[in-house]
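Observations on the three-dimensional arrangement
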Amino acid sequence: MEEFKFIGKSVKRLDEKEKVTGAAKYVDDIDFGPNLLYAEIIESPHSHALIKSIDTSKAEKMEGVVKVVTGKDFPYKFGLYMKDRYIFAQDRVRFVGEQVAAVIARDPRTAQKAAKLVKVEYEPLQPVFDPIEALKEDAVIIHPDLGNYPHVPWFFPKGGTNITHRLKLRKGNADKGFKDADFILKDTYRVPRYAHCCLETHIAVGLLDYSGRLTIWASTQSPYTQRNLFADALAPLGFSHKDIRVIAPYVGGGFGGKAGVTMEIVAAALATTVKGHPVKVMWRRDQEFYNTYMRQQVVTNIKVGVKKDGTITAFEMANYWDAGPYAEYGANVVNASGLSATGPYRIPNVTIDSYCIYTNLPAAGPYRGFGYSEMSFSVESHMTRIANAIGMDQAEFRRKNGIKEGDSVAYGAPMNPNGLLEAIDKVADEIEWGKKEESKDPNKAIGKGLSIFWKAPAMPPNVTTSAFIKFNEDGSLNILVSGMELGQGYLTVMAQVAAEILTVPIEKIRVELPDTDRNPYHWQTVASHVTWASGNAVKRASLEMRDKMFEVVHAAYHYDKDSLYLEDEKVKCKLHSSFELPLRDFVINGIETKDGTYRGGAIVGSGSFMPEYTSAKQNPETSQGGHPNVHYTVGAGAVKIEVDKQTGKIRVLKAVEAVDAGKAINPRNVEHQIIGGLLQGLATVLYEDMRFDENGKILNPNFTDYKIPTFLDIPDEIVPIIVEVPQPDGPFGARGIAEHTMIPAAPIIANAVEDAIGIRVKTMPVTAEKIAMAVADNKKEVDDFLMIMKK
């Protein structure tokens, strides 16, 4: 096995001291000077209505108000995968909270007071909140012009309906597969909406300076994607990419909620109306809930057939996703999760239909896991029930059907090398799978649940990333990349990749946060792909620098380049053991030769990476023929819980999760991701519960009523396990693991509840109330679902 000096080591994070001491700057920490203006948004009180008129006259007359802006000022659409959204609503609002107008004032209080003076006359329309209801023939059509919206070629919207995309996948012959089955289980599962709950709410500050440059400081996962969408949307005003700059300082949590573009485009647009003045737009906590993305709710119908020996013969699934009124990003969640909805199983006959549906609840889109957590709840609950029904051990059922390297995935591409079976074995050993345990309290029961998972990066086939590296006079390095440090340790991992090749210690490396005018291109920090993609770019840039150094040494000393190597910040030669040249002695000023001339110059490196084997050109009727995903990361999770048979309260005694990182570049970071992701997943299944009133207004947009766990709620014991089966095209074999770690949480809890007290909960969240009511009513299955409160 190759020995590394920096790869595979749990080095200290580069951003650790900055964040612990409070030195790290976020957007709201930046001083924008005395010219800073503040915006307050006028929001729709209706979930679906026509805008009849807007009267801004009283607000405009208020002292301290600089400008009042409405949709007439910006009749421009935007969207990442589909253009279905305006910066401000035009003639129609489609959810409670949609931005209709904005007041720009010299202080926040004046902006808020003036916003109340803007009078908007609406004509209410019939709303629809349920994705199944939205499919009915007589359902209100939320976007009458859907058929004319621009979109990526792998979306298939159906004009005249609320279906913004339908993914169809067909493999083998599902009808024959079900005929061959000895046992078939069919059922319905339901997952509600969830909020990202980042500590830092969305914030953006825009400034159009007198040179014509539009700069936006944003708390974002996507600086380059935002610049691209700003340039596209604001092109009618004369802006192009070179005129727009996005600066992204540290981010206080993302989880997909700060991917793409939401409120940031408001700051960009408003800045164009007050040249020379920065304009700040910052969401309050309640706005953070309803006016960014939420996680989509989904109704899943699933049917699976198996032989008596446990072999899966057929899989059929229909998913009905609630994207809210705008699907410009959410439709790709539907697409990506639909392609992989079987989970990590080897299945010969598959039928999947995945519908992305407009409703009048707030817009929904990317959330950590990108739809895989929702799929995992239904698939892994279902597989456990099937294993139990045929009398087969759940772990053995998964070992038998678990996908292996070279097996065909549902859309026909071969599965990459992976450690799924190793993960199952390690998790089963750690949780003592098969050992029945009894609680000392007769009112409580102990149960265990197990699940496997997979996930692929969801991204277009031509996603690219790049890196610049430059030496300084003392041999230290600055790495310029445009991935975002979201708390996952990205900066440190990039430094470790460069350090391994250039032999420069971590403490002599800085990795710079994104600035689209300075740092090179990176699509966006989503899909758990930055370690893999950005790591490859940094590796290539480092190798280029190494080659340039060897070229300079060869030119000055005539040593064969193949005989040169780097060690301890020096160039050395295999054929001349006494030769060693410190990097700091020549990487800027070059090497002086005998005649007094110099060879070399400032050493810089650049690298870019794009997976050149991916393709989104599948058959739209079967999804066969393309290669939409680069690879999968796999793993397994398990819990041991204690359930109070009277109150239904669940206590997690032990949680275990194993994930195949390919190569853990920083093992401590991977372990922290496993712990953090698992806790976030447990929060969605045990605590978080979003509610809306009968008009589609969220009722609990705060941390008093929308429960997230505290330190008192974490499991008694969490065991993270790292599996390492190298990814062939990963930097040093690494692949992403960040989103994956929360995926098994919901099914392992649901499976453990059934193991403990014999009650199967088929709707999330799995609350104490549901369990207690089921016990009281002597029910063995729970399919109660409540998200819209009726009067």
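Residues numbered from 1 in each chain as written. Predicted model: local features only at pLDDT ≥ 70, side-chain atom pairs only at ≥ 80, totals over all residues. Heavy atoms only, no water.

**Description of unusual backbone geometry**
For residues that are not glycine, phi is negative in most cases, and the peptide bond is trans in most cases. Our working definition: The helix count covers DSSP runs of H or I at least four residues long, the strand count covers runs of E at least two residues long, and both are numbered beginning at the N terminus. Per-residue accessibility, obtained with a 1.4 Å probe over protein chains only, is compared with the maximum for each type, and a residue is labelled buried under 20%, exposed over 50%, and partly exposed between these values.
Put simply, Met764 and Pro765 share a cis peptide bond, and its omega is 0°. Along the chain, the position of Pro765 falls in the loop between strand E33 (760-761) and helix H16 (768-776). Of note, the phi angle at Glu432 is positive, near 55°, even though the residue is not glycine. Here Glu432 falls in the partly exposed class, since its relative accessible area comes to 39%. Within the chain, Thr503 stands out as a residue other than glycine whose phi angle is a positive 60°. Within the secondary structure, Thr503 is located in the loop between helix H12 (490-502) and strand E23 (509-512).

**Details of the pairing of strand E18 (residues 350-358)**
Rules: Criterion used throughout: strands pair if DSSP finds at least two bridges between them.
With 9 of 9 residues buried, E18 is to be regarded as a mostly interior element. Of the two faces of E18, the one holding Val350, Ile352, Ser354, Cys356 and Tyr358 and the one holding Thr351, Asp353, Tyr355 and Ile357 are both buried throughout. Across 8 bridges, the pairing between strand E9 (residues 163-171) and E18 is antiparallel. The partner of Lys171 across the bridge, within E18, is Val350.

**Details of the nonpolar core**
Stated formally: Take the buried Ala, Val, Leu, Ile, Met, Phe, Trp, Tyr and Cys residues and link them wherever side-chain atoms come within 4.5 Å; each set so joined is a nonpolar core. In this description, contact between two residues means that some pair of their heavy atoms is separated by no more than 4.5 Å.
In terms of nonpolar packing, the biggest core is built from 184 residues, with Ile87, Leu270, Phe315 and Ile749 touching the most fellow members. For this core, the element with the most residues is helix H15 (residues 745-757), which contributes 9 residues. Look past the residues within four positions of Ile87 in its chain and what remains in contact with it is Phe74, Tyr76, Phe78, Gln99, Leu234, Ile265, Val266 and Ala269. Membership of the second largest hydrophobic core comes to 51 residues, among which are Leu477, Leu502, Phe550 and Phe579.

**Observations concerning the sheet that holds strand E22 (residues 477-480)**
Defined as follows: Only the contacting stretch of a helix is used when fitting its axis, a line to C-alpha atoms as for every element, and angles between N-to-C directions run 0 to 180 degrees.
Pairing within the open sheet is mixed, and its 4 strands lie in the order E23-E22-E21-E29. Edge positions in the sheet fall to E23 and strand E29 (604-609), since each of these pairs with one other strand and no more. Put simply, the sheet's adjacent strands are angled 15° from each other on average, direction ignored. Where E22 meets E23, 4 bridges bridge the pair, whose relative direction is parallel. Each bridged residue has a counterpart across the sheet, and for Ile479 the counterpart in E23 is Val511. Against the sheet, H12 touches strand E21 (465-471), E22 and E23, its axis set at about 135° to E23. On top of the sheet, helix H13 (residues 530-557) reaches E21, E22 and E29; it is set at about 145° to E29, its chief contact.

**With respect to the environment of Asn228**
Residue position: Asn228 is located in helix H5 (residues 223-233). By relative accessible area, Asn228 is classed as partly exposed at 38%. As a C-alpha pair, Asn228 and Thr767 span 539 residues in sequence and 43 Å in three-dimensional space.

**Describing helix H10 (residues 394-401)**
Stated precisely, the cut-off is as follows: By definition, the arc is the one covered by directions from the helix axis to the C-beta atoms. Here a polar contact means two N or O atoms within 3.5 Å. Within protein one must be a hydrogen donor candidate and the other an acceptor candidate, and residues neighboring in sequence count only if both atoms are side-chain atoms.
Among the residues of H10, those classed as buried are Gln394, Ala395, Phe397, Arg398 and Asn401. Along H10, the residues classed as buried sweep out an arc of 160° about the axis, all on the same side. Considering only its buried residues, H10 is in contact with strand E16 (297-306), strand E17 (312-324), helix H9 (372-389), helix H11 (420-431), strand E20 (444-455) and H15. At the N-terminal boundary of H10, the capping side chain belongs to Asp393, with an oxygen 2.9 Å from the backbone nitrogen of Ala395.

**A few points about the pairing of strand E32 (residues 718-723)**
Residue alternation in E32 divides its side chains into a buried set, Val719, Ile721 and Val723, and an unburied set, Ile718, Pro720 and Ile722. By the bridge criterion, 6 bridges tie strand E31 (residues 650-660) to E32 in an arrangement that is parallel. Considered in E32, the bridge of Val659 is made with Ile722.

**Focus on the packing of aromatic side chains**
Definition in use: Here is the rule: rings of Phe, Tyr and Trp (six-membered ring for Trp) pair when centre to centre is within 6.5 Å. Planes less than 30 degrees apart are stacked, more than 60 are edge-to-face, and the remainder are tilted.
This model, assessed by the stated rule, comprises 21 aromatic pairs. For the ring pair Phe289 and Tyr706, a centre distance of 5.2 Å and an interplane angle of 75° mean the geometry is edge-to-face. Taken together, the residues Phe289 in helix H7 (residues 285-290) and Tyr706 in the loop between helix H14 (667-686) and E32 connect sequence positions 417 residues apart. In this pair, the class of Phe289 matches that of Tyr706, namely buried. With a centroid separation of 6.1 Å and 65° between ring planes, the pair formed by Tyr329 and Phe370 is classed as edge-to-face.

**Re the pattern of salt bridges**
Test applied: Salt bridges are identified by distance alone: a Lys or Arg side-chain nitrogen within 4 Å of an Asp or Glu carboxyl oxygen.
Tallied over the entire structure, the rule returns 51 salt bridges. With its nearest N and O atoms 3.4 Å apart, the salt bridge here joins Arg295 to Glu374. Of this pair, Arg295 sits in strand E15 (residues 294-295) while Glu374 sits in helix H9, and the two are 79 residues apart along the sequence. In this structure, Arg295 and Glu374 share a single accessibility class: buried. Taken together, the salt bridges that share partners define one network made up of Arg13, Asp15, Lys19 and Glu485.

**Some details on the environment of Ile312**
Relative to the helices and strands, Ile312 resides in strand E17. The class of Ile312 is buried, set by a relative accessible area of 2%. C-alpha separation for the pair Ile312 and Glu40, spaced 272 residues apart in sequence, amounts to 56 Å. Setting aside its immediate chain neighbours within four residues, Ile312 contacts Val304, Gly305, Val306, Tyr345, Ile347, Pro348, Met383, Phe397 and Asn401.

**Brief notes about the packing of H14 against H15**
The condition is simple: For this classification, under 35 degrees means roughly parallel, over 145 means roughly antiparallel, 65 to 115 means roughly perpendicular, and everything else is oblique. Less than a right angle of anticlockwise turn of the near helix away from the far helix marks a crossing as left-handed, whereas a clockwise turn marks it as right-handed. Amino acids are sorted into nonpolar (Ala, Val, Leu, Ile, Met, Phe, Trp, Tyr, Cys and Pro), charged (Asp, Glu, Lys and Arg) and polar (every other residue, Gly among them).
Look at H14 against H15: their axes get within 8 Å of each other, and the N-to-C directions meet at 55°. Compared by their axis directions, H14 and H15 come out oblique. The interaxial crossing formed by H14 with H15 has right-handed handedness. The segment H14 lies against H15, with Leu678, Gly681, Leu682, Val685 and Leu686 engaging Ala745, Ala746, Ile748 and Ile749. Residues belonging to the contact of H14 with H15 are distributed by class as follows: 8 nonpolar, 1 polar and no charged.

**Concerning the sheet that holds strand E2 (residues 49-55)**
Read across the open sheet, the 3 strands follow the order E6-E2-E8; overall the sheet is antiparallel. With one partner strand each, in any of the chains shown, strand E6 (92-93) and strand E8 (119-124) form the two edges of the open sheet. Summarising the sheet, E2 and E6 pair through 2 bridges and their orientation is antiparallel. Of the residues in E6, the one forming a bridge with Ala49 is Val93.

**Structural notes on the packing of H10 against H11**
At a closest axis distance of 10 Å, the pairing of H10 and H11 adopts a crossing angle of 170°. Relative to H11, H10 is oriented roughly antiparallel. Facing Ala395, Arg398 and Arg399 of H10, the residues of H11 in contact are Leu421, Ile424, Asp425 and Ala428. Split by residue class, the contact of H10 with H11 holds 4 nonpolar, no polar and 3 charged.

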